[in-house]
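Residue-level structural notes
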Amino acid sequence: MSDVEFSISFAGPLVTFQDIGRPGNMRYGVSASGPMDIVSFEAANAVLGNDTKQTAIEISLGGLILQCHEGSITLAITGGDFLIEYQGQKISSWTVLTLQKGERLSVRAGKSGSWAYLAFSGKLNVKDWLNSSSTHSTSGFGGGVLKTGQKFTLTDASNQENRIGPILKPNFYTNDLIHAVLGPQDQYFMNTAIKIFSNSIFKVSDNYDRMGMQLTGPKLELKSALSIPSEPVVKGSIQVSGDGIPTILLADHQTTGGYPKIATVISSDINRLVQFRSNQSVKFVLINSNEALQKTRKFLDMKEKYLEKLSISRGTLEQRLMSENLIGGIEFNS
Amino acid sequence: MFHHKSLTLINLIIMQNEKPKFKAIADHALLITFSDVFSEAVHSQVVALDNSITLDPPQGLIETVPAIVNLLVTFDPLITDHLCLEKSILNNIKNMTNNSSKGTERIVHVCYEEGFSRDLETVSKACGLSKEAVINAHLNENYNVLMYGFSPGYAYLSGVPKDIQVPRKISAVRDIDAGSVIIAGSQCLVTTLKMPTGWSIIGRSPTLILTDDLENPFLFNVGDTVNFKRIDLGTFEKMNKASNYV
């Protein structure tokens, strides 16, 4: 156990500290924040044997380059298909490695995915707000945004040689369809708009950040020019502005809003959706709330089992080689 | 403490009007809507239900979010479901009269000095009143906390008197300081962050809405009553030093 110091050689926009989030404060205008892709975030912590809720770094397409100044530490990188450079080697994400004093780690956008997660075998020293280090991007409250030239430190850092190597990726969310439940303000839309919503292919626009993802595609027409009283919204709400353009609200969403919501993405599909990139196609499938509940229950069950499996240390290198030999080495290729 | 006037109103509305509408949201929430349009009576129903659920939370409840005409209830999908929660909330609604109470009265200090009230002159001209008359009209009203939204700690207060109601500006003005007291239509708000706004800026408050107190991190609850109290520049500076917005 030791202390570690990193300097940030480069950080793109929207690279933030996040823990699992701060639910329970929406009544005060505070969305839960937390990681955009919760599964990848929890996987990065689990594979190090951490509490899956603990603070990690969320990396945007802008990328992040770190230099280790003091100490050494094992870390895990998950999320989208990002490019990792470490000790002159180019490796893919979903990997665990140890960074030594003087070494550099670069995480940059790769072929696909919008967010990567960097978790550490140690405790990040970051600011809390309302008992959570999650950064609320528009206010900056919480752990905060990582900026080029700054430093950050960790305590209780450890090297876990028995955890190094590629990470088993979750195999329970490969489907590209996004499930949503109609409403809660579908009554304000023309019937044709609801048909268009469920039959068309939308695309992710450039207007995508931690607050929301605006889509391009056919217009979703409202019944009349209307002004409804502001209503509470949730993560996943698909609000449609007066010009018929839908926006899916995400981790740092406003907590109330006056635009009608045609549908709501189910919570378990948001983790996949947020990894989509601008210009990628989005196809919605409408299901009822009971189907949504069953899907989410199944998803949470599979997620728990997956994280449990990840959290078990692989043992020493010899033990690992042996076990990989026994199962034919296919386990880490999925 | 029961507030008999609004109790009677709530009873009347429950008896005479349609029942509140329940709508399932995705896999983890319910929206309970009392009306399509705002009235004080509708909003007090929202607050009464919010209080009732807070006092006696159903299994699996995560949080409730009161707004103008409806209440959002979010839940843990592993513990409960939409139907169970609806049943339990219908019970709350039936017994609501026993739980409704008047909100707390809050004082917000406001300084109307020139440097803090860049739109006071425009408002006074638009309303055909002197600046002092606008200030007095603003001070003489009781405001009601309708809901939070937009950003952390942004509490929408209803009650701006008709005499000084002005519409939102055509476009927003950037970088308006935290603590600004702003109005648009019948609503008033004390900002908590440096943010753009299209509302009219009529004063500055040293009163913290984000209190920095972990027990009570936000000054208002939805349903509270707010009164503004005028302070001069000297008092503002003294009070502002004591507070510490990020």
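Residues numbered from 1 in each chain as written. Chains lettered and ligands numbered in written order. Predicted model: local features only at pLDDT ≥ 70, side-chain atom pairs only at ≥ 80, totals over all residues.

Some remarks on the overall build of chain B
The criterion, for reference: Think of it this way: any DSSP run of H or I at least four residues long counts as a helix, any run of E at least two long counts as a strand, and we number them from the N terminus. Residue burial is a threshold on neighbouring C-beta atoms within 10 Å of the residue's own C-beta, all placed from the backbone, with 20 or more meaning buried, 12 or fewer meaning exposed, and counts in between meaning partly exposed. Placing C-beta atoms from the backbone, we regard two residues as in contact once those atoms come within 7 Å.
Looking only at helices and strands, chain B has 6 helices and 13 strands in total. Every one of the 246 residues in chain B was classed for burial, and the buried ones make up 43%. Expressed as a percentage of contacts within chain B between residues at least 6 apart in sequence, the contacts between residues at least 24 apart total 62%.

Observations regarding the packing of helix α1 (residues 38-46) of chain A against helix α4 (residues 289-311) of chain A
Residues and elements named next belong to chain A. Filter applied, for reference: Angles here are taken between N-to-C directions and fall from 0 to 180 degrees, while the axes themselves are lines fitted to C-alpha atoms, restricted in helices to the stretch in contact. Roughly parallel covers angles under 35 degrees, roughly antiparallel covers those over 145, roughly perpendicular covers 65 to 115, and oblique covers all other angles. In this scheme the crossing of two helices becomes right-handed for a clockwise turn of the near helix relative to the far one and left-handed for an anticlockwise turn of less than a right angle. Three classes are used, and their members are as follows: Ala, Val, Leu, Ile, Met, Phe, Trp, Tyr, Cys and Pro are nonpolar, Asp, Glu, Lys and Arg are charged, and the others, Gly among them, are polar.
At their nearest, the axes of α1 and α4 sit 8 Å apart, and the two run at 25 degrees to each other. When the axes of α1 and α4 are compared, the pair comes out roughly parallel. At the point where α1 passes α4, the crossing takes the right-handed sense. The segment α1 lies against α4, with V39, E42, A43 and A46 engaging K303, L307, L310 and S311. For the contact of α1 with α4, the class distribution of residues is 5 nonpolar, 1 polar and 2 charged.

Let's talk about the interface of chain A and chain B
Each side of the interface is counted separately: chain A has 34 residues, and chain B has 37 residues. Sorting the residues of the side of chain A that touches chain B by element identifies β15 (231-232), β19 (261-265) and α4 of chain A as the ones contributing at least two each. Here the element with the most residues in the side of chain A that touches chain B is α4 of chain A; it accounts for 6 residues. For the side of chain A that touches chain B, the per-class residue count stands at 16 nonpolar, 15 polar and 3 charged.

Comments concerning the domain arrangement of chain B
All names here are of chain B. Short version of the rule: Segmentation of the chain into domains, including their bounds, is taken from an automatic or database domain assignment.
With domains assigned, chain B is organised as domain 1 (4-98) and domain 2 (105-242). Computed from C-alpha coordinates alone, the two centres of domain 1 and domain 2 are separated by 29 Å. Ranked by residue count, the leading element in the side of domain 1 that touches domain 2 is helix α2 (residues 40-55), at 3 residues. Tallied by class, residues from the side of domain 1 that touches domain 2 come to 4 nonpolar, 1 polar and 1 charged.

Description of the sheet that holds strand β12 (residues 178-182) of chain A
All names here are of chain A. The line we're drawing: One requirement defines pairing of two strands: DSSP has to find at least two bridges between them.
Read around the closed barrel, the 7 strands follow the order β12-β19-β16-β17-β14-β13-β20; overall the barrel is mixed. In this sheet, neighbouring strand axes are inclined to one another by 40 degrees on average, regardless of whether the strands run parallel or antiparallel. The sheet contact formed by β12 and strand β20 (residues 281-286) spans 3 bridges and is parallel. Note on β20: the bridge partner recorded for I178 is F284.

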